[in-house]
Amino acid sequence: MSFRAIYAAPLALVTLVFAACGGNEPQPTSPTGPQGTATAPATTAAVAPTAPAAAVTAFRDAKGKDAQMAYMQNQVQGRMGKAFQAHDGKRYADFSCKTCHGPNYVEPKAFLPKLTMKGGNLTAFAEKPEVSKFMAEKIVPEMAAAMGEKPYDPATHQGFGCGGCHAIEMK
Ligand code: HEC
Ligand code: HEC
């Protein structure tokens, strides 16, 4: 997949920097003033090579692979790592891009287990109630915020939900 080829190389750097800063992440909202850049730790400068990437506050506004990767690195990885680790520190001790993108760095929908929609409900809530509850209550709102989206609203069917990460099969 071209997806893999595009960021397989920079990933080594990304992983290295992430390991070096021990999971610390920049503030969710990027500093806008020049003093923000001046006082930022050296690691932040190293992972945010381009000014436009640092200014973007929603993933959909990150244009191009470099900007998308910088956004993931700065706004998604650390924040979501904390959310997963708060639920199970052992299981998610090695949280990384691969937790969502898989060992071959594909899109999350191609890696994560497919969910099934039957009669208007996701079967996962009956089949795997504990993990589904955690996903719905913790992961969806946190990821929506990290992506700069509103969380899924069942009334309007708008917003970032399970289908933002998992493929959903209609039955
Ligand atoms: C918590 C889950 C999660 C983590 C961790 C994560 N991503 Fe993502 N990533 C996503 C989702 C969801 C999308 C959006 C996919 C889509 O548009 O369907 C995405 C999209 C992307 C894209 C754009 C994909 C495309 O459509 O071409 C890139 C590049 C990317 N991520 C790189 C990374 C890198 C590099 C890391 C580690 C620093 C990372 N991601 C960590 C969930 C994650
Ligand atoms: C940020 C991306 C993301 C979102 C949004 C998300 N999930 Fe997940 N989901 C994951 C990841 C990553 C895993 C793998 C966790 C693991 O391996 O422990 C997972 C695993 C699961 C599993 C376990 C599958 C299995 O076979 O063990 C279920 C069930 C699940 N998710 C349901 C849901 C439901 C239901 C929603 C919406 C309420 C949802 N997920 C939203 C990322 C996401």
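As a reminder, the structure under discussion sits directly above these lines.
Values in this document were obtained by computation on a predicted structure and should not be read as measured data. (Residues numbered from 1 in each chain as written. Chains lettered and ligands numbered in written order. Predicted model: local features only at pLDDT ≥ 70, side-chain atom pairs only at ≥ 80, totals over all residues. Heavy atoms only, no water.)

**Things to note about the pattern of salt bridges**
Heads up, the rule is: When a carboxyl oxygen of Asp or Glu is within 4 Å of a side-chain nitrogen of Lys or Arg, the pair counts as a salt bridge. Helix and strand labels come from DSSP, where a helix needs a run of H or I of at least four residues and a strand needs a run of E of at least two; each type is numbered from the N terminus. Three labels apply to residues, based on accessible area from a 1.4 Å probe with only protein chains included: buried if under 20% of the type maximum, exposed if over 50%, partly exposed otherwise in between.
Taken as a whole, this structure holds three salt bridges when the rule is applied. Between Arg-60 and Glu-149 there is a salt bridge, with the nearest N and O atoms lying 2.9 Å from each other. With Arg-60 in the loop between helix H4 (51-55) and helix H5 (65-87) and Glu-149 in the loop between helix H9 (129-147) and strand E3 (168-170), the pair connects residues that are 89 residues apart, well separated along the chain. For Lys-133, the salt bridge goes to Glu-137, with nearest N and O atoms at 3.7 Å. With a gap of four residues between them, Lys-133 and Glu-137 both fall in helix H9, about one helical turn apart. Here Lys-133 falls in the partly exposed class, since its relative accessible area comes to 49%.

**A closer look at the coordination of the iron atom of ligand 1**
Spelled out, the test is: Donor atoms: N, O and S within 2.8 Å of the metal, or within 3.2 Å for Na, K and Ca. Because water is excluded, sites can look incomplete. All geometry calls rest on donor angles, where a four-donor set with angles between 85 and 135 degrees is tetrahedral, four- and six-donor sets with opposite donors more than 155 degrees apart and all others between 65 and 115 are square planar and octahedral, and all else is irregular.
On the protein side, the iron atom of ligand 1 has Met-72 (SD) and His-101 (NE2) as donor atoms, found 2.0 to 2.3 Å from it. Around the iron atom of ligand 1, the six donor atoms sit at angles spanning 84 to 178°, and that spread fits a shape best called octahedral. Separated by 29 residues along the polypeptide, Met-72 in helix H5 and His-101 in helix H6 (residues 97-101) bring together distant segments of the chain. In this structure Met-72 comes out as partly exposed when scored by relative accessible area, which is 22%. Accessibility expressed as a relative area gives 13% for His-101, which makes it buried.

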